[in-house]
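The primary structure of each chain is shown beneath.
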Amino acid sequence: MRSFLLLVGLLALCGCAAEPATDRAPSNGTKMDPTLGSDPETVEIPSGSFERGPGRHHVTVSAFTLDRTEVTVGAFREFVEATGFVTEAERWGWSLVFQPERTSDPESEQRVPGTPWWLRVDGAQWRTPHADGQSAPEDHPVVHVSWNDARSFCEWRGARLPTEAEWEFASLGAGAALYPWGEDLRPEGEWRGNTWQGRFPEADHQDGHPGLAPVASFPANAYGVHDLGGNVWEWVDDWYDPSYFERAPERDPPGPDSGTEKVLRGGSWICSESYCQGYRRDRRNASPRDSGLDNTGFRCARDAGH
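The rules we used
Residues numbered from 1 in each chain as written. Predicted model: local features only at pLDDT ≥ 70, side-chain atom pairs only at ≥ 80, totals over all residues. Heavy atoms only, no water. Buried < 20%, exposed > 50% of the residue type's maximum accessible area, 1.4 Å probe, protein only. Helix = DSSP H or I, 4+ residues; strand = E, 2+ residues; numbered from the N terminus. Contact = heavy atoms within 4.5 Å. Polar contact = N/O pair within 3.5 Å; in protein donor to acceptor, adjacent residues only side chain to side chain. Phe/Tyr/Trp six-rings, centres within 6.5 Å; stacked < 30°, edge-to-face > 60°. Lys NZ or Arg CZ within 6 Å of the ring centre and 35° of its normal. Disulfide = S-S within 2.5 Å. pLDDT = per-residue confidence, 0-100. Lys, Arg positive; Asp, Glu negative; His and termini not counted. Salt bridge = Lys/Arg side-chain N within 4 Å of Asp/Glu carboxyl O. Axes fitted to C-alpha atoms, helices over the stretch in contact; angles between N-to-C directions. Parallel < 35°, antiparallel > 145°, perpendicular 65-115°, else oblique. Nonpolar A, V, L, I, M, F, W, Y, C, P; charged D, E, K, R; others polar. Core = buried A, V, L, I, M, F, W, Y, C linked by side-chain atoms within 4.5 Å.

1. Section: helix 4 (residues 147–156)
Item 1. Regarding helix 4, the residues found buried are Trp147, Asn148, Asp149, Ala150, Phe153 and Cys154.
Item 2. On its buried face, helix 4 is in contact with helix 2 (73–83), helix 3 (88–92), strand 9 (233–239) and strand 10 (262–265).
Item 3. The backbone nitrogen of asparagine 148 has a side-chain oxygen 3.3 Å away, supplied by the residue at the start of helix 4, namely serine 146.
Item 4. Backbone geometry just after helix 4 places glycine 158 at a positive phi near 75°.

What follows is the structure, given as structure tokens:
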């Protein structure tokens, strides 16, 4: 059973590691119009190339399909009902919940050192994310899922987690942009992703979603993919290595052979301009593969033609 000391290792989800921004648009020889894949919940991402990492490493990605949205509570429920799967948070009996408010007895609380807004909550899991008797809405992204849980779901669906290169390429739907939706955080004054507004961690309300938002609450990018910036951090297949980009193969880089943490991309509703900014396309994150919080989720991918 994991120890509460593991919470220190989960600090990665409370901050963000940054890589220099990509400055070139993808080159794929096709229009950016999205097309539906064989599954109505997926879109086809055409093959193309882009530059990534500190040395502007050239990467080419083969065509693949990607879920249009993050996996929802409803979809995950179907998986659990069909297989009897039990998530790691359920087996541990607890998970971390974003809860900056203090109780009347703060000495009894188990909080993450350095980021006191994360609270260990017994019974927190995907069905009841706050362990308060309230069920998670079916159209919200499923949370409190580990990398291991996410991989199991994708395998059940005949799919897989996207590689980090695939995920990053899909986020380039707007071209050479700082955010998955373009160069401006708020184009024409509108919020384009579920992120934190106001003074962190005291207020989050300007986009209409004080916390998680239903999937596809904001416009899709040019490939037809929603929520690639904000809502929940998304697990990808790769092990984390900060120097991997510099030595990765140019064609379909699979990620490092081994590691201690798995990569997450896209930021979450807890990321703000003053804290984290994980919704930027030049930000990446990592965490142990058995961890999960109330701001981590995932989506699935498939090779083209599958």
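Further notes follow.
2. With respect to the packing of aromatic side chains
Item 1. According to the stated counting rule, one finds 16 aromatic pairs in the structure shown.
Item 2. Measuring from centroid to centroid gives 5.5 Å for tyrosine 179 and tryptophan 181, while their planes differ by 5°, and the two rings are stacked. Taken individually, tyrosine 179 and tryptophan 181 each receive the classification buried, so the pair is uniform in this respect.
Item 3. Grouping aromatic residues by their ring pairs yields a cluster made of Phe76, Phe79, Phe85, Trp126, Phe153, Trp156 and Phe298.
Item 4. Above the face of the phenylalanine 245 ring, arginine 52 is positioned so that its terminal group lies 3.7 Å from the ring centre.
Item 5. Over the face of the ring belonging to tryptophan 239 we find lysine 262, whose NZ or CZ atom lies 3.9 Å from the ring centre.

3. Let's talk about the state of the cysteines
Item 1. Per the stated rule, a full pass over the model turns up one disulfide.
Item 2. Between cysteine 154 and cysteine 300 runs a disulfide, and the two sulfur atoms are separated by 2.3 Å. Linking cysteine 154 and cysteine 300, the disulfide has an S-S dihedral of approximately -90° and is accordingly described as left-handed. Separated by 146 residues along the polypeptide, cysteine 154 in helix 4 and cysteine 300 in the loop between strand 12 (296–297) and strand 13 (301–303) bring together distant segments of the chain. Each member of the pair, cysteine 154 as well as cysteine 300, carries the same accessibility label: buried.

4. Quick notes on the confidence of the model for the protein
Item 1. Across the protein, the average pLDDT comes to 83, with 77% of residues at or above 70.
Item 2. Here residues 3–12 is a poorly scored stretch, pLDDT under 50, and it has 23 contacts once near neighbours within four places are set aside; other chains count.
Item 3. Across residues 14–38, confidence stays below pLDDT 50; counting only partners more than four residues off in sequence or on other chains, it has 71 contacts.

5. Focus: the side chain of lysine 262
Item 1. Within the secondary structure, lysine 262 sits in strand 10.
Item 2. There is no salt bridge for the buried lysine 262, and the closest opposite charge comes from aspartate 237, which lies 5.0 Å off by N-O distance.
Item 3. Those residues in contact with lysine 262 that lie beyond four places of it in its chain are Trp147, Trp235, Asp237, Asp238, Trp239, Tyr240, Asn285, Ala286, Ser287 and Arg289.

6. Observations concerning the environment of alanine 89
Item 1. Considering the arrangement of structural elements, one finds alanine 89 in helix 3.
Item 2. Here alanine 89 falls in the buried class, since its relative accessible area comes to 6%.
Item 3. Sequence separation of alanine 89 and tryptophan 126 is 37 residues, and the distance between their C-alpha atoms is 8.1 Å.

7. Some words on the pattern of salt bridges
Item 1. Using the criterion set out here, one finds 18 salt bridges in the structure.
Item 2. Between arginine 52 and glutamate 164 there is a salt bridge, and its shortest N-O distance comes to 4.0 Å. Pair noted here: arginine 52 is in strand 3 (residues 48–52) and glutamate 164 is in helix 5 (residues 164–170), with a separation of 112 residues, a long-range link. Taken as a pair, arginine 52 and glutamate 164 share a single burial class, namely buried.
Item 3. Salt-bridge contacts for aspartate 67 lead to arginine 157; the nearest nitrogen and oxygen are separated by 2.8 Å. Here arginine 157 lies in the loop between helix 4 and helix 5 and aspartate 67 lies in strand 5 (residues 64–67), a separation of 90 residues in the sequence.

8. Side note on the packing of helix 2 against helix 4
Item 1. The interhelical angle for the contact between helix 2 and helix 4, taken along N-to-C directions, is 75°, at an axis separation of 11 Å. One element, helix 2, and the other, helix 4, form an angle in the roughly perpendicular class. Residues Ala75, Phe76, Glu78, Phe79, Ala82 and Thr83 of helix 2 lie in contact with helix 4, whose contacting residues are Ser152, Phe153 and Trp156.
Item 2. Here the contact of helix 2 with helix 4 is built from residues that sort into six nonpolar, two polar and one charged.

9. Observations regarding the nonpolar core
One recurring pattern in soluble globular proteins: nonpolar side chains tend to sit buried together.
Item 1. Ranked by size, the top nonpolar core spans 44 residues in total, and within it Phe76, Val142, Phe153 and Phe298 carry the most contacts.
Item 2. Only helix 2, strand 6 (94–98), strand 8 (115–122), helix 4 and strand 9 provide two or more residues apiece to this core.
Item 3. Sequence-distant contacts of valine 142, defined by excluding residues within four places in its chain, comprise Val71, Thr72, Val73, Phe76, Trp126, Thr296, Gly297 and Phe298.
Item 4. Counting residues in hydrophobic clusters, the runner-up holds 18 residues, among them Phe169, Leu172, Tyr223 and Ala301.

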